[in-house]
Every structure is written in C-alpha cells, then in structure tokens.
Amino acid sequence: MKRIITIAGSNSQKSINKSLLSYTSGLLDNVEFISIDLNDYILPIYGVDFEAENGMPTAVKRLDEIIHTADAFIISLAEHNGSYTAVFKNTIDWLSRINMKIWREKPMLLMAASPGGRGGSGVLQSASLNFPFLGAKIIETYSLPSFYDNFREGEIIEENFRRVLEGKIDRFFKEL
Ligand SMILES: Cc1cc2nc3c(=O)[nH]c(=O)nc-3n(C[C@H](O)[C@H](O)[C@H](O)COP(=O)(O)O)c2cc1C
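The structure reproduced in this document is the subject of the present report.

## Notes on the pairing of strand β5 (residues 137-144)
- Two strands pair when backbone bridges link them, and strand β4 (residues 107-113) and β5 are joined in this way by 7 bridges, in the parallel orientation. The partner of Met 111 across the bridge, within β5, is Tyr 142.
- Each parallel crossover has a hand, and the one from β4 via helix α5 (residues 121-130) to β5 is right-handed.

The structure is reproduced here in structure tokens:
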C-alpha cells in the first residue's frame, strides 16, 4: 500500500488547513496516511551559528526519517502575511540542512486554505515556485478561499470547490 504523508503548514490546534487535509484524506482509498503535526517537532529558530554550535536537533532527524518513507505528499499551507507561517518555514529550513531534496521527487498535492477570498494564493505561489528546488514533484495545486463559507462540519459544502478538488485528487492518485 502506498504511503502518503500529510503536513499542515500550521501549528494551530484548530488549523483550517488540518481540517482540509482530513477531508482530503477521506477522499482517497487504499492508501496509508501518516499525518505529521508540526507541534510534535518543536525546533529552535534556524541559524547557521546555532547549527555550528549545537548540531542538528534530534527532532529534525526524526522528521527527515519519516519523510524519507513517503511515496507521496499532501501539503496544506496556512498563509501568514502573504507567505509561509514561521513554524513551517523554520521546519523546511532545518530539513534542507539534512537533504536539500526534502520532498524526494515524490508526487505532491499542494494546497492552501484561508478565511479570506484569496485562498492563500501568496503562499501557494511561493511554494509552487520554490518547492521544486527542494525536490517536489507537484502534480496539482488547490486553493480553498473563504474557508468558513465553503467548509462546514468537516466537509467542503460548496459544490464547485468540491468537484475541483475531486478532479485534482484523481490526477494525483494516478501518479502514485
Ligand atoms: C499573523 C497572521 C498573518 C496572517 N496573514 C494572512 C494572509 O496574509 N493571508 C490570509 O489569507 N490570511 C492571513 N491570516 C489568516 C490566516 O489565514 C488564518 O489564521 C488561518 O486560519 C490560518 O490557517 P490555519 O488555521 O491552518 O493555521 C493571518 C493570520 C495571522 C495570525
């Protein structure tokens, strides 16, 4: 069975991106999911001096080892001030110090959700441009804007947004 690793780019306990990931995972059958919560990998702020003095935190090594076992990724990014959240950026900075090809050239469905009308388009655009340098093979991107209008009780309730996601999942699944 193929193993898909899901990561929300958020450390919020009530993360809307975690909710979108749960819903998306429920649309895929016959795959194994490993859900990574960044709160389980608390890291110091990356700095070259810190790394030189202290080496690689154990939590980064643990995370890299798990990521290495993935056949594919579904990532959903929260947007803070038009870009990655600090916790997500910090995590990928650390991971890139072990292996620049963080995403191992495995298929990725890249998503973003936000309460606003732009649906995290800034962070999605950033990641779409930069993740390939980190070894991402992005199959599809998906944005869910106006989250609290379009998502209720664990589901996308707006038909068009639901159908678009289902189509993207089909395409992603074919790459597994
Ligand atoms: C510091 C901060 C900056 C934010 N900046 C943006 C932004 O640039 N664009 C946006 O759509 N939402 C922004 N938001 C709102 C987030 O999209 C919202 O908090 C969302 O729930 C974050 O996703 P999460 O719940 O998965 O953490 C910001 C929120 C915070 C706390």
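Anyway, onward from the coordinates.
## Some remarks on α5
- When α5 is considered as a whole, its buried residues turn out to be Gly 122, Val 123, Leu 124 and Ala 127.
- The elements touched by buried residues of α5 are β3 (72-77), β4 and β5.

## Details of the packing of aromatic side chains
- As enumerated under the stated definition, the model contains 10 aromatic pairs in all.
- With a centroid separation of 6.2 Å and an interplanar angle of 10°, the aromatic rings of Tyr 84 and Phe 131 are classed as stacked. You can see Tyr 84 sitting in the loop between β3 and α4 (86-98) and its partner Phe 131 sitting in the loop between α5 and β5, a full 47 residues away along the chain.
- Looking at Tyr 84, the relative accessible area reads 12%, which means it is buried.
- Ring-pair connections join several aromatic residues into one group, and the members of that group are Phe 73, Tyr 84, Phe 88, Trp 103 and Phe 131.

## Considerations on the pattern of salt bridges
- All chains considered together, the criterion is met by 11 salt bridges.
- Measuring nitrogen to oxygen at the nearest pair gives 3.7 Å for the salt bridge that ties Arg 162 to Glu 159. Of this pair, Arg 162 and Glu 159 both sit in helix α7 (residues 159-174), 3 residues apart, which is roughly one turn of that helix.
- The class of Glu 159 is partly exposed, set by a relative accessible area of 42%.
- Arg 163 is the salt-bridge partner of Glu 159, the closest N and O atoms lying 3.3 Å from each other. Residue Glu 159 and its partner Arg 163 are located together in helix α7, separated by 4 residues, close to a single helical turn.

The rules we used
Residues numbered from 1 in each chain as written. Predicted model: local features only at pLDDT ≥ 70, side-chain atom pairs only at ≥ 80, totals over all residues. Heavy atoms only, no water. Pairing = 2+ DSSP bridges. Helix = DSSP H or I, 4+ residues; strand = E, 2+ residues; numbered from the N terminus. Right-handed = clockwise from strand over helix to strand, strands pointing away. Buried < 20%, exposed > 50% of the residue type's maximum accessible area, 1.4 Å probe, protein only. Contact = heavy atoms within 4.5 Å. Phe/Tyr/Trp six-rings, centres within 6.5 Å; stacked < 30°, edge-to-face > 60°. Salt bridge = Lys/Arg side-chain N within 4 Å of Asp/Glu carboxyl O.

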